[in-house]
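Chain by chain, the residues:
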There are 2 protein chains.
Amino acid sequence: MKKTDILKKLRSSGLRPTKQRVEIAKFLFEREKTFHFTVESLNRLLTKKSVSKIALATIYNTVHAFKTAGHLSEVEVRGNKTYFDTNVSNHHHFYDSETSELIDIDASDIVIQKIPKAPNGKKIKNVEVFINLKN
Amino acid sequence: MKKTDILKKLRSSGLRPTKQRVEIAKFLFEREKTFHFTVESLNRLLTKKSVSKIALATIYNTVHAFKTAGHLSEVEVRGNKTYFDTNVSNHHHFYDSETSELIDIDASDIVIQKIPKAPNGKKIKNVEVFINLKN
DNA sequence: TTTTCACTTTAGAATTATTATAAACTAGAA
DNA sequence: TTCTAGTTTATAATAATTCTAAAGTGAAAA
């Protein structure tokens, strides 16, 4: 993803492309593979990488803004921290609790044959499959 | 589950059946259906129900002790609080984010036809299916 | 180009869930 | 009954996240 696209991405979702947002967006979206992170790990990586320090509150703000705009998805992982994923398509995860690492699973790699119907007037929003790994 | 069984359950897992543990265990396990809760909701319900106040720290201690003993399972739910479940068999969940309510799905009600193999030397510990509901 | 102002950033305080601490208490073996 | 390891408790500490309010800044309009 080129810089122009980053600007387009931000503007098209109503986010003013500030210095901080562009820097974070470039870090998150200018990569080939999907990226999984927590706010804490993102902060650590950004601090290491860049000259200008971005406030932790700004990282929280930005990540939430990106999530609301649909540029990031939140992954449910047992534990205290919240994980985010640059892969916003419908997909699933392996989770290695030894390393606290998430690995994407393509939606097409899991086929569910039988599923119960939603209770009392509710509908199914989405189905998430989470595969815990061990050694 | 009768009181004798509660005592047996505690003792058999190396937990001294103290007044507090018995009270919490009775509340959690002397019921027909599975029960889902957070420490906060359990604390609220216990306070309402009983005469003697149990310290919040004790509820945390006890819930963790029960979990370690295999009498409770932890459910991964997006968000800040940790959910527990009196159903410790292999099963899945519906989650209604409107009401923050969890509903059990019997393991036999979900059949997965295709599943990817675990990465590099890892093995699959377990597979959790989480179905988000909407109205 | 300058002005203007709603949107942003920021540091630090506040909040919330959870864990740690250490003193008082107690189940149950001796 | 005595003793002691295991337990409970109030409170402090920690950790993740959100709030606050003052200072800063994109970008539209003058």
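Residues numbered from 1 in each chain as written. Chains lettered and ligands numbered in written order. Predicted model: local features only at pLDDT ≥ 70, side-chain atom pairs only at ≥ 80, totals over all residues. Heavy atoms only, no water.

With that out of the way, let us pick up the interface of chain B and chain A. The interface is formed by 37 residues belonging to chain B together with 37 residues belonging to chain A. With both chains or domains summed, chain B and chain A bury close to 3600 Å², and 54% of this area falls on carbon and sulfur atoms. Here A:K122 makes a salt bridge to B:D96, at a shortest N to O gap of 2.8 Å. On the surface where chain B and chain A come into contact, there are 24 residue pairs in polar contact (both at pLDDT 80 or more). Residue assignment for the side of chain B that touches chain A shows that the elements contributing at least two residues are strand 2 (73-75), strand 4 (91-96), strand 5 (101-106), strand 6 (111-114) and strand 7 (123-134) of chain B. Among the residues forming the side of chain B that touches chain A, the class breakdown is 17 nonpolar, seven polar and 13 charged. Examined bridge by bridge, strand 7 (residues 123-134) of chain A and strand 7 of chain B share 11 bridges and lie antiparallel to one another. Its bridge partner lying in strand 7 of chain B, A:N132 is registered against B:N126. (Contact = heavy atoms within 4.5 Å. Buried area = accessible area lost by both parts, 1.4 Å probe. Salt bridge = Lys/Arg side-chain N within 4 Å of Asp/Glu carboxyl O. Polar contact = N/O pair within 3.5 Å; in protein donor to acceptor, adjacent residues only side chain to side chain. Helix = DSSP H or I, 4+ residues; strand = E, 2+ residues; numbered from the N terminus. Nonpolar A, V, L, I, M, F, W, Y, C, P; charged D, E, K, R; others polar. Pairing = 2+ DSSP bridges.)

Following the criterion strictly, the structure yields 12 salt bridges over all chains and no others. Put simply, B:R78 and A:E128 hold a salt bridge, and the shortest N to O gap is 2.8 Å. With B:R78 in the loop between strand 2 and strand 3 (83-85) and A:E128 in strand 7, the pair connects residues from two separate chains. On the accessibility criterion, B:R78 (28% relative accessible area) is partly exposed. A single network of salt bridges, built from pairs that share partners, joins A:E40, A:R44 and A:K81. (Buried < 20%, exposed > 50% of the residue type's maximum accessible area, 1.4 Å probe, protein only.)

Moving on, we get to the relation of the copies chain B and chain A. When chain B is fitted to chain A, the best match, at an RMSD of 0.1 Å, comes from turning it 179° and sliding it 0.0 Å along the axis. This pairing of chains is accounted for by a two-fold axis. When you check the interface residues of chain B against chain A, 100% turn up at the interface there too, and the contact is symmetric in its surfaces. (Least-squares fit on C-alpha atoms with pLDDT ≥ 70 in both.)

Near DNA strand D lie 19 residues; those nearest to it are A:R11, B:T18, B:Q20, B:R21 and B:T58. The sugar-phosphate backbone supplies 77% of the atoms of DNA strand D found within 4 Å of the protein. For DNA strand D, a phosphate oxygen lies 2.5 Å from a polar atom in the side chain of B:R21. Elements represented by at least two residues in the surface near DNA strand D include exactly helix 4 (56-68) of chain A together with helix 2 (19-29) and helix 4 (56-68) of chain B. (Near = heavy atom within 4 Å.)

Attention shifts here to the side chain of A:E74. Structurally, A:E74 can be placed in strand 2 (residues 73-75). Judged by its relative accessible area of 17%, A:E74 falls in the buried class. Of the polar contacts made by the side chain of A:E74, one reaches the side chain of A:K67; its length is 2.6 Å. Setting aside chain neighbours within four positions, we find A:E74 in contact with A:K67, A:T82, A:Y83, A:F84 and B:R78.

The local shell around DNA strand C holds 20 residues, among which A:R16, A:T18, A:T58, B:R11 and B:K81 are the closest. Close to the protein, within 4 Å, the atoms of DNA strand C belong to sugar or phosphate groups at a rate of 77%. Note that a phosphate oxygen of DNA strand C is positioned 2.5 Å from one of the side-chain N or O atoms of A:T18. Note that a phosphate oxygen of DNA strand C is positioned 2.7 Å from one of the side-chain N or O atoms of A:T58. Elements with a contribution of two residues or more to the surface near DNA strand C: helix 2 (19-29) and helix 4 of chain A together with helix 4 of chain B.

Read from one edge of the open sheet, six strands run 5(A)-4(A)-7(A)-7(B)-4(B)-5(B), paired in mixed fashion. Looking at strand neighbours, the two that pair on one side only are strand 5 (101-106) of chain A together with strand 5 of chain B, the edges of this open sheet. Neighbouring strand axes in the sheet, compared pairwise and without regard to direction, differ in orientation by 25° on average. By the bridge criterion, four bridges tie strand 4 of chain B to strand 7 of chain B in an arrangement that is parallel. Counterpart to B:Y95 in the pairing with strand 7 of chain B is B:N132. (Axes fitted to C-alpha atoms, helices over the stretch in contact; angles between N-to-C directions.)

A separate point is the side chain of B:S73. All names here are of chain B. Tracing the sequence through the fold places S73 in strand 2. A polar contact of 3.1 Å, which involves the side chain of S73, links it to the backbone oxygen of N87. Among all residues touching S73, those that are not within four sequence positions of it are Y83, F84, D85, N87 and V88.

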